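# Inside the fold
This is what each chain is made of:
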Amino acid sequence: MAILEVTNLKVYFPIKAGIFNRTVDYVRAVDGVSFVLEEGKTYGLVGESGSGKTTTGRAIIGLEKVTEGKIVFQGKDITKKRARTRELNRNMQMIFQDPYSSLNPKKRVLDIVAEPLRNYEHLSKKQEKMRVQELLELVGLSPESILKYPHEFSGGQRQRIGIARAIALKPKLIIADEPVSALDVSVQAQVLNFMKDIQKELGLTYLFISHDLGIVKHMCDEIAIMYKGRHVEQGTKEDIFERPQHIYTKRLVAAIPEINPRHREKQFQFRKEVEKEYDAAYDDYFNKDGLAYQLQKISDTHLVALPEKG
Ligand SMILES: Nc1ncnc2c1ncn2[C@@H]1O[C@H](COP(=O)(O)OP(=O)(O)O)[C@@H](O)[C@H]1O
Ligand SMILES: [Mg+2]
């Protein structure tokens, strides 16, 4: 069942100039994207820096004004801020990219993790402490951590604190914006596997934002590839990694570092072919402004941005 449906979402930021500070143009950060998240699944949003991933996530959670389009969450139209009830808000939480700046350094872990609980539930101090300790145990931190401050933890541990806060209210949807990109590679896998574990345990749906295709392959059931505010391709993990159709997707897939030495030569060849095709066929894949075309359906699950035939 669909938990989130985004239709033709646009988020434009005005560019102002001159002594009258007039709007002269817009940054089309998100320029007409549509996608659906199935309950309990992980949907990956991939693209290079500046392609509009974060803005998409922020618009969904209500931190950016929607210029055009529609967002439906749990069957309710939440495009307009005032349509977002408290109940809907609590069911949608965000995990931020940088665990160093997203946790208030002046607050103890108890207060950081208890903050959403205080907004929504009337717990006694004792109940609250118990809930926070349970949450910390769930994310693999000791219950004694409640008295500590963020700087006393490593990056990976801080991200676990951020996750504990995000799941405190038992949300349905979590938007995870590059949740491990600020962490050492050695702890990335731990945090990612832990996110998978709690997903099953709590029945979470993830919108998983990343610029790292390798991580997305590990985490996601369905994937959209984003470029300059548009989706160039959408499909299942298999569609994207085994049958990429858009030249931009092929290029990203070809660039994933190959760990297995026996496949390195094959990948090197693939990369060379893709680069050649990229130069020769650029105009077949992007319009005269260098933007992606509308998505066309090539199978039940697979959509590719190609010019309309005929
Ligand atoms: N508040 C803002 N005002 C103006 N431009 C913005 C704002 N936020 C993001 N942008 C621009 O929108 C584009 C998409 O940004 P973003 O969504 O952060 O991309 P990503 O997360 O994929 O790196 C970028 O060109 C960025 O500079
Ligand atoms: Mg971003």
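Residues numbered from 1 in each chain as written. Chains lettered and ligands numbered in written order. Predicted model: local features only at pLDDT ≥ 70, side-chain atom pairs only at ≥ 80, totals over all residues. Heavy atoms only, no water.

The protein chain goes by Peptide ABC transporter ATP-binding protein in an unreviewed UniProt entry, where it is assigned to Compostibacillus humi.

## Points about the sheet that holds strand β7 (residues 173-177)
Read from one edge to the other, the open sheet built from eight strands follows the order β6-β7-β8-β3-β9-β10-β12-β11, with strand pairing classed as mixed. At either margin of the open sheet sits one strand with a lone partner, and together these are β6 (92-95) and β11 (295-297). Pairs of neighbouring strands in the sheet enclose a mean axial angle of 20°, with direction left out of account. Across the sheet, helix α5 (residues 155-167) is in contact with β6 and β7; its angle to β6 comes to roughly 175°. (Pairing = 2+ DSSP bridges. Helix = DSSP H or I, 4+ residues; strand = E, 2+ residues; numbered from the N terminus. Axes fitted to C-alpha atoms, helices over the stretch in contact; angles between N-to-C directions. Contact = heavy atoms within 4.5 Å.)

## Some details on the domain arrangement of the protein chain
Assigned domains of the protein chain: these are domain 1 (2-228) and domain 2 (229-310). Taking only C-alpha atoms into account, the centre of domain 1 sits 27 Å from that of domain 2. Contact with domain 1, which involves 23 residues of that partner, is made by 20 residues of domain 2. The largest per-residue losses of area from domain 1 upon contact with domain 2 belong to L213, I225 and Y227, which jointly make up 38% of the total buried on that side. The interface formed by domain 1 and domain 2 includes one salt bridge. In this structure, the salt-bridge partner of R230 is D31, at a minimum N-O distance of 3.1 Å. Our count for the contact surface shared by domain 1 and domain 2 stands at 13 residue pairs in polar contact (both at pLDDT 80 or more). Counting only elements with at least two residues in the side of domain 1 that touches domain 2, the list comes to β2 (22-38), β3 (42-47), α7 (213-219) and β9 (222-227). Residue composition of the side of domain 1 that touches domain 2, by class: 13 nonpolar, three polar and seven charged. (Domains from an automatic or database assignment. Buried area = accessible area lost by both parts, 1.4 Å probe. Salt bridge = Lys/Arg side-chain N within 4 Å of Asp/Glu carboxyl O. Polar contact = N/O pair within 3.5 Å; in protein donor to acceptor, adjacent residues only side chain to side chain. Nonpolar A, V, L, I, M, F, W, Y, C, P; charged D, E, K, R; others polar.)

## Regarding the site of ligand 1
All residues adjacent to ligand 1 are F13, V27, A29, E48, S49, G50, S51, G52, K53, T54 and T55. Between ligand 1 and G52, the relevant distance is 3.0 Å, taken from an oxygen atom to a main-chain nitrogen or oxygen of the residue. Contact with the protein chains removes 59% of the 560 Å² of surface that ligand 1 exposes when unbound. Taken together, the elements giving at least two residues each to the shell around ligand 1 come down to β2 and α1 (53-61). Tallied by class, the residues present in the shell around ligand 1 amount to three nonpolar, six polar and two charged. (Near = heavy atom within 4 Å. Areas by Shrake-Rupley, 256 points an atom, 1.4 Å probe, with all protein chains shown as cover.)

## Side note on the packing of α5 against helix α6 (residues 185-202)
Running from amino to carboxyl end, α5 crosses α6 at an angle of 20°, the nearest separation of the two axes being 10 Å. When the axes of α5 and α6 are compared, the pair comes out roughly parallel. In this structure, α5 crosses over α6, and the sense of that crossing is right-handed. Within the contact between the two elements, α5 uses G156, Q159, R160, I163 and I167 and α6 uses V187, Q190, V191, F194, M195, I198 and L202. Its residues placed into classes, the contact of α5 with α6 shows eight nonpolar, three polar and one charged. (Parallel < 35°, antiparallel > 145°, perpendicular 65-115°, else oblique. Left-handed = near helix turned anticlockwise from the far one by under 90°.)

## Some thoughts on the packing of aromatic side chains
Enumeration over the complete set of coordinates arrives at six aromatic pairs. Their ring planes at 55° and their centres at 5.2 Å tell us that Y227 and F286 sit as a pair that is tilted. Here Y227, found in strand β9, pairs with F286, found in the loop between α10 (264-285) and β11; they are 59 residues apart in sequence, far enough to count as distant. Across the pair, exposure class does not vary: Y227 and F286 are buried alike. Arranged with centres 5.8 Å apart and planes meeting at 75°, the rings of Y278 and Y282 form a pair that is edge-to-face. With Y278 and Y282 both in helix α10 and four residues apart, this pair spans about one turn of that helix. Chaining the aromatic ring pairs together yields one cluster made of Y227, Y248, Y278, Y282 and F286. Directly above the aromatic system of Y120 lies the positively charged group of R86, at a separation of 4.3 Å from the ring centroid. Between R160 and the ring centre of F194, over which it is positioned, the NZ or CZ distance is 5.2 Å. (Phe/Tyr/Trp six-rings, centres within 6.5 Å; stacked < 30°, edge-to-face > 60°. Buried < 20%, exposed > 50% of the residue type's maximum accessible area, 1.4 Å probe, protein only. Lys NZ or Arg CZ within 6 Å of the ring centre and 35° of its normal.)

## Quick word on unusual backbone geometry
Its identity is not glycine, yet Q74 carries a phi of approximately 50°, on the positive side. The phi dihedral of E178 falls on the positive side, at around 50°, and the residue is not glycine.

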